[in-house]
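Residue-level structure breakdown
Spelled out, the chains give:
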Amino acid sequence: MRELLARPRSIVDQTIGLLDISKARGDVFLNQLESRLVAAGAKVLRFRKPTFTKPAPVDLRHEIATKCTLVIEALAD
Amino acid sequence: MTAINKSVVKNPLSDGWSLIVKRECATCAMIVPVIARLARELPSLTVYSQDDPGFPDGVESVDDSDLAASWHADIDTVPTLIFRRDGAEVSRTAGWVRKEWRELTGIADLGAELPEFRPGCGSMSVDPDIVDKLRVRYGGETLHARRVEIAEAEDEFEAMFARGYTDGLPVVPPTPERVMRMLAGTTRDPRDIVAVAPPDLVELTIEKIAINAVMAGCLPEYFPWVVAAIEAICTDQFNMHGVLATTMPVGPVVVCNGPGTRKINMNSGVNVLGQGNRANLTIGRAVQLTIRNVGGGRPGEVDRAAHGNPGKLSFCFAEDELGSPFTSLSVARGFDPAQNTVTTFAGEGPRCVVDQLARQPEQLAQTFATCLRTVHHPKLPFAFDAMLVIGPEHARVFAEANWSRERLLTEINDRLQLPGSEIVRGAGGMAEGVQEAFKDAMLPKFRPGGLLLVHAGGSAGLFSAIIGGWASGALGSDPVTRLVAG
């Protein structure tokens, strides 16, 4: 088990990945979140995994880890 | 059965002649004059005595009371005479067969005073009371799992509960003796990695599965079925991660096919989906315990089921193939009737279908269709698979009309083309349903191949059972069939 990173003090200039797990209306929730985060000064990147029933593919996890400093996953409907 | 142990330990017998005996054996006692002669004429002879280093009288012997030589040389009968050359066994004979002993040793008049034949006795190294201990003593280095010590005063069953190893029922403590005995049920190396277990993505070895099979109460002969079922569920197609994590009430349902189901006395008849049969219950339980204890899939953690179902303790049964008018599930899925297979299906608990009046196949097909329509919701098409477990008395209706499996499935599916107007959201006073865009369409309840048919159950009762599935196909889970090894 890896240790959690320290929480950032501010989200300004952070690159936040929003992962849509492909559940119904998850995009509605994430759209709202994106507009709030951008307004607060963050940069937002959107990702989507193929189905909510399976873990995100390794490549997608790698891409998120490489490009983002924070990630938010929309878990359920 | 003990091949896994032998492969890792060098055979201790040296080149030349070896003879394994015990005093307690009447045949060994009878051939003492023969042994004395061999000792004179075969200079390389080493005599191993299992129970008394003073036996045979007048002949020097090696004390094998720890049974090391007997175990590693795979002795099951005494006396056994072995000849080895260049580190390999050339010949052996067990018991007293005068002709064989003469041919083997080249001594033409050996044992002239003895009868021609006398069977040997069981070797102490295969005595059921001690064989488990020997397996650990001489094969124990094949076990790699972390050892959990419990205090002497601790109740071992309570200790298993306290450490979180159980599904809520007591488990059999997996001692090294029991795990080694379970491993005798397979020829696979204990370190073989069978799969990667969700949700923690842990490499799942044969040994780890054997530990959980012991805990579940399996016999060694069930073990290959457990391994096959785990291979099946830990695939991308079956998607055990999702089946575990879902809020829906499903778990792996294991359907066993092939002549092996009868060899291990699985139940395919009365109370087939219920309690009472060791093989059915413990194979299914071993699968679930493995996911819990190795994969880390525990309820309330990654297992988020809103309700779950009692089958998540264990849900495994055999198809009644011999009494079925239909081809079996495994044959329908491309396997041979002589092959042993497991088919895993992500399913909820079963429900009963009653129709005691239908005598025409069309009537009964309509009953099945009407009941199957309600799987998860009568207004939800295409999203979920289902398994119909048809009872023998219902099957007879189709047998008398010469309906095949394919005919029956086609007739049911034909009756399950749902008019969009009936299943759009709001129709029938129910909010649930498909989007308005489908109101003029005809939508099938099941995707092609999404309805599985199995013949099982008691011979009395005009009933069948429906096991509802989960999100089907690449989105969720596909049924997966695997061959059972050995």
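Because the structure is predicted, anything quoted here is derived from the model rather than measured.

1. Regarding the pattern of salt bridges
Residues and elements named next belong to chain B.
- Counted by the stated rule, this structure contains 31 salt bridges over all chains.
- One salt bridge in this structure joins Arg-98 and Glu-116, with 4.0 Å as the shortest N-O distance. Linking Arg-98 in helix α5 (residues 98–105) with Glu-116 in the loop between α5 and β8 (117–118), this pair joins segments that are 18 residues apart in sequence.
- Taking relative accessible area as the criterion, Arg-98 reaches 15% and is therefore assigned buried.
- Where salt bridges share partners, they join Arg-23, Asp-52 and Asp-57 into one cluster.

2. What to know about the environment of Thr46(B)
All names here are of chain B.
- For Thr-46, the location among the structural elements is in strand β2 (residues 46–49).
- Placed 110 residues apart in sequence, Thr-46 and Glu-156 show a C-alpha to C-alpha distance of 45 Å.
- If sequence neighbours within four positions are ignored, Thr-46 has contacts with Trp-17, Ser-18, Leu-19 and Val-62.

3. Description of the pairing of strand β5 (residues 80–85) of chain B
Residue and element names in this part refer to chain B.
- Among the six residues of β5, five are classified as buried, and the element is accordingly described as predominantly covered.
- For strand β1 (residues 16–21) and β5, the ladder comprises five bridges, and the chain directions are antiparallel. Across the sheet, Gly-16 pairs through a bridge with Arg-84, a residue of β5.
- When β5 meets strand β6 (residues 88–94), the two strands line up antiparallel, connected through six bridges. Bridge assignment links Ile-82 to a residue of β6, and that residue is Arg-92.
- If you look at the hairpin formed by β5 and β6, you'll find two residues sitting between the two strands, and Asp-86 has a positive phi there, around 50 degrees.

4. Focus on the interface of chain B and chain A
- At the interface, eight residues of chain B touch five residues of chain A.
- Together chain B and chain A conceal approximately 590 Å² of surface at their shared face, both sides included; 54% is due to carbon and sulfur atoms.
- For Lys54(A), the salt bridge goes to Asp236(B), with nearest N and O atoms at 3.4 Å.
- For the pair chain B and chain A, the interface holds five residue pairs in polar contact (both at pLDDT 80 or more).
- Class assignment of the residues belonging to the side of chain B that touches chain A gives a composition of three nonpolar, four polar and one charged.

5. Some points on the sheet that holds strand β13 (residues 316–318) of chain B
All names here are of chain B.
- As summarised here, the arrangement of the four strands in space is β13-β12-β14-β21, forming an open sheet in which the pairing is mixed. This sheet does not close on itself; its edge strands, each paired only once, are β13 and β21 (480–483). In this sheet, neighbouring strand axes are inclined to one another by 25 degrees on average, regardless of whether the strands run parallel or antiparallel.
- Taken together, the four bridges between strand β14 (residues 341–347) and β21 define a ladder with antiparallel strand orientation. Its bridge partner lying in β21, Thr-344 is registered against Val-480.
- Against the sheet, helix α10 (residues 223–233) touches β12 (251–257), β14 and β21, its axis set at about 50 degrees to β14.

6. Quick word on the sheet that holds β6(B)
Residue and element names in this part refer to chain B.
- Spatially, the five strands line up as an open sheet ordered β3-β2-β1-β5-β6, and their pairing is mixed. This sheet does not close on itself; its edge strands, each paired only once, are β3 (62–63) and β6.
- When β2 meets β3, the two strands line up parallel, connected through two bridges. Within β3, the position partnered with Ser-49 by the bridge is Asp-63.
- Contacts from α5 reach β1, β5 and β6, with the element oriented near 155 degrees to β6.

7. What about the state of the cysteines?
Residues and elements named next belong to chain B.
- The tally for this structure, following the rule as stated, stands at zero disulfides over all chains.
- Here Cys-234 is not disulfide-linked; the sulfur of Cys-316 is the nearest cysteine sulfur, at 16 Å.
- Free of any disulfide, Cys-371 has its nearest neighbouring cysteine sulfur in Cys-352, separated by 8.9 Å.

8. Comments concerning the confidence of the model for chain A
- Per-residue confidence for chain A gives a mean pLDDT of 90; residues scoring 70 or more make up 94%.
- At the low end of the mean pLDDT range in chain A sits strand β3 (residues 70–74) of chain A, at 84; at the high end sits strand β2 (residues 43–48) of chain A, at 96.

9. Some details on helix α9 (residues 206–216) of chain B
Residue and element names in this part refer to chain B.
- Summarising burial for α9: ten of the eleven residues are buried, a large majority.
- Within α9, the full set of buried residues consists of Ile-206, Glu-207, Ile-209, Ala-210, Ile-211, Asn-212, Ala-213, Val-214, Met-215 and Ala-216.
- Tucked into the core, α9 has its buried residues touching α7 (156–162), α8 (176–183), β10 (193–197), β11 (202–205), α10 and α13 (278–295).
- Two residues or fewer after α9 comes Gly-217, characterised by a positive phi angle close to 100 degrees.

10. Here's the deal with the packing of helix α15 (residues 361–373) of chain B against helix α17 (residues 405–414) of chain B
Residues and elements named next belong to chain B.
- Relative to each other, α15 and α17 sit at 55 degrees, their axes nearing to 8 Å. When the axes of α15 and α17 are compared, the pair comes out oblique. Here α15 runs over α17; the crossing is right-handed. For the pair α15 and α17, the contacting residues are Ala-365, Phe-368, Ala-369 and Leu-372 in the first and Leu-408, Glu-411 and Ile-412 in the second.
- Its residues placed into classes, the contact of α15 with α17 shows six nonpolar, no polar and one charged.

11. Quick look at α5(B)
All names here are of chain B.
- Buried within α5 we find Arg-98, Trp-101 and Thr-105. The arc enclosing the buried residues of α5, seen along the axis, measures out at 65 degrees, which places them on a common side. In this structure, α5 carries Lys-99 and Glu-103 as exposed residues pointing more than 90 degrees from its buried face.
- Here the buried face of α5 lies against β1, α3 (32–41), β5, β6 and β7 (96–97).
- Positive backbone phi, at 75 degrees, marks Gly-106, one or two positions downstream of α5.

Reading guide: rules and limits
Residues numbered from 1 in each chain as written. Chains lettered and ligands numbered in written order. Predicted model: local features only at pLDDT ≥ 70, side-chain atom pairs only at ≥ 80, totals over all residues. Heavy atoms only, no water. Salt bridge = Lys/Arg side-chain N within 4 Å of Asp/Glu carboxyl O. Helix = DSSP H or I, 4+ residues; strand = E, 2+ residues; numbered from the N terminus. Buried < 20%, exposed > 50% of the residue type's maximum accessible area, 1.4 Å probe, protein only. Contact = heavy atoms within 4.5 Å. Pairing = 2+ DSSP bridges. Buried area = accessible area lost by both parts, 1.4 Å probe. Polar contact = N/O pair within 3.5 Å; in protein donor to acceptor, adjacent residues only side chain to side chain. Nonpolar A, V, L, I, M, F, W, Y, C, P; charged D, E, K, R; others polar. Axes fitted to C-alpha atoms, helices over the stretch in contact; angles between N-to-C directions. Disulfide = S-S within 2.5 Å. pLDDT = per-residue confidence, 0-100. Parallel < 35°, antiparallel > 145°, perpendicular 65-115°, else oblique. Left-handed = near helix turned anticlockwise from the far one by under 90°. Arc of directions from axis to C-beta.

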